[in-house]
Amino acid sequence: MRATTIHAPFDMRVADVPDPVVRNPGDAVVRVLRSCICGSDLWAYRGESARQPGQRIGHEFLGIVEEAGAEVTGVGRGDLVVAPFMWSDGVCDYCREGLTTSCEHGGFWGSVGSDGGQGEAVRVPFADATLVALPAEAASDDRLLAALLTLSDVMGTGHHAALGAGARAGATVAVVGDGAVGLCGVLAAKRLGADRIIALGRHEARTDIARRFGATDVVAERGDAAVDAVRELTRGQGAHAVVEAVGTEQSMRTAVGITRDGGAIGFVGVPHGSGTGLDLSVMFDRNIALRGGVAPVRTYIPELLPDVLDGTIDPSPVFDLTVGLEGVPDGYKAMDERTALKVMVAN
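Below is a short write-up of the structure.

Basis of the calculations
- Residues numbered from 1 in each chain as written.
- Predicted model: local features only at pLDDT ≥ 70, side-chain atom pairs only at ≥ 80, totals over all residues.
- Heavy atoms only, no water.
- Axes fitted to C-alpha atoms, helices over the stretch in contact; angles between N-to-C directions.
- Helix = DSSP H or I, 4+ residues; strand = E, 2+ residues; numbered from the N terminus.
- Parallel < 35°, antiparallel > 145°, perpendicular 65-115°, else oblique.
- Contact = heavy atoms within 4.5 Å.
- Nonpolar A, V, L, I, M, F, W, Y, C, P; charged D, E, K, R; others polar.
- Buried < 20%, exposed > 50% of the residue type's maximum accessible area, 1.4 Å probe, protein only.
- Polar contact = N/O pair within 3.5 Å; in protein donor to acceptor, adjacent residues only side chain to side chain.
- Pairing = 2+ DSSP bridges.
- Left-handed = near helix turned anticlockwise from the far one by under 90°.

## A word on the packing of helix 5 (residues 154-165) against helix 11 (residues 297-309)
Two numbers describe a pair of packed helices, the interaxial angle and the distance between the axes.
Argument step 1. Interaxial distance between helix 5 and helix 11 falls to 9 Å at its minimum, and their mutual angle equals 95°. Put simply, helix 5 runs roughly perpendicular to helix 11. Contacts between helix 5 and helix 11 involve M155, G156, T157, H159, H160 and L163 from the first element and V297, Y300, E303 and L304 from the second.
Argument step 2. Within the contact of helix 5 with helix 11, the residues separate by chemical class into five nonpolar, four polar and one charged.

Below, the structure written as structure tokens:
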């Protein structure tokens, strides 16, 4: 089959790789209908996170079950399913507590020795615990497929950040970052009832989506100017809840600077850069809480899925470019050059 592989910085190739097969009785093989490129994939693309030459890549996908092992009972051949960005066994202590990303037997698509989502098919370990069945009729609805695909990562990650930040009715929420996760953080904050949502971003096409998702204000400034702008909008106090969806030292400093005393930051931006941007003495003095990390999206899918299916939330606008599998290298280039927000791959 064909699948995306990474060989060196800026060297993405779609190559022939072995077809996935059921190895263990709990496995399933999923034929991929839709996958996508994540902002975190760009760190490998740019050489800022190590990959082995020829390693598979991609961790967001949905598709059709083609084969299931003898012990798989929750899904079967022909079922439409979505996969979270990590597989998990569903029975370890962490999984039972909802922290599926810390599963004792879990793993990440595209890790060494595993299939990546940006390909024609994927072997899924622990299929019953990992995969979530979707309505069969969604397979013929392109918009709905796009919205459902966000449940594999960005919508659940935005939701994780909004929960960590304490987004709620009556709260003012600020979102640092206008990428797909930040925009889904806006949508999640709106879904959780936030009264006011301030989106920080400088790209008009993206902040237009933020407004569509529920942002009431947009701040285009960065650094200290952004902090001043948010405080001016909030009577000098800052936001009760802040979503940090970038992961740089500057973005975290901004997040701390715009958080109201007694507020919280939900951080989901993959950390990269020379430092954290955190000053614990400032956080201590102002009673600022910090929650977040790798989002256990498998835990959130059952909660978010009904709202996607009935149209209560529609995260599909985060995809602004669609390519075929052979066009994935061009998709990486478009995201790296910021001519695309998030690229969907249609098989």
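## Description of helix 9 (residues 249-258)
Argument step 1. The element helix 9 is largely enclosed, with a buried count of seven among its ten residues.
Argument step 2. Listing the buried residues of helix 9 in full gives S251, M252, T254, A255, V256, G257 and I258.

## Some remarks on the environment of R253
Argument step 1. One can find R253 in helix 9.
Argument step 2. Sequence separation between R253 and D224 is 29 residues; the distance between their C-alpha atoms is 9.0 Å.
Argument step 3. Reaching out from R253, the side chain makes a polar contact with the side chain of E249 at a distance of 2.8 Å.

## As for the sheet that holds strand 11 (residues 172-176)
Working definition: the strands of a sheet are paired by backbone hydrogen bonds and lie parallel or antiparallel to each other.
Argument step 1. The parallel open sheet is built from six strands, whose spatial order is 13-12-11-14-15-16. Edge strands, defined here as strands with exactly one partner in the open sheet, are strand 13 (217-219) and strand 16 (289-292). Here the average twist between neighbouring strands, direction ignored, is 20°.

## Re the pairing of strand 2 (residues 11-16)
Argument step 1. With six bridges joining them, strand 1 (residues 2-8) and strand 2 adopt antiparallel strand pairing. Its bridge partner lying in strand 2, I6 is registered against M12.
Argument step 2. Between the end of strand 1 and the start of strand 2, which pair antiparallel, lie two residues, with F10 showing a positive phi angle near 65°.

## Concerning the packing of helix 4 (residues 142-149) against helix 11
Argument step 1. Interhelical geometry of helix 4 versus helix 11 gives an angle of 160° and a closest axis separation of 10 Å. It follows that helix 4 is roughly antiparallel to helix 11 by the angle criterion. Every pair of crossing elements has a handedness; the one defined by helix 4 and helix 11 is right-handed. Residue-level contacts link L144, A147 and L148 of helix 4 to L305, V308 and L309 of helix 11.
Argument step 2. Residue classes in the contact of helix 4 with helix 11 are distributed as six nonpolar, no polar and no charged.

## Some points on the sheet that holds strand 2
Argument step 1. Read from one edge of the open sheet, three strands run 2-1-4, paired in antiparallel fashion. Two strands lie at the open edges of the sheet, namely strand 2 and strand 4 (55-56), each paired on one side alone.
Argument step 2. Pairing of strand 1 with strand 4 involves two bridges; the strand directions are antiparallel. Across the sheet, residue I6 finds its bridge partner in strand 4, namely Q55.

## Quick notes on the pairing of strand 3 (residues 28-36)
Argument step 1. Most of strand 3 is tucked away, with eight of its nine residues classed as buried.
Argument step 2. As defined by bridge partners, strand 3 adjoins strand 5 (residues 61-68) across seven bridges and the pair is classed as antiparallel. Bridge assignment links V32 to a residue of strand 5, and that residue is G63.
Argument step 3. Bridge count between strand 3 and strand 9 (residues 121-124): four bridges; the pairing is antiparallel. The partner of V30 across the bridge, within strand 9, is V122.
Argument step 4. As paired elements, strand 3 and strand 18 (residues 343-346) share three bridges and run antiparallel to each other. Across the sheet, the residue bridging to S35 is V345, located in strand 18.

Such coordinate-based values are descriptive only and should not be taken to indicate function.
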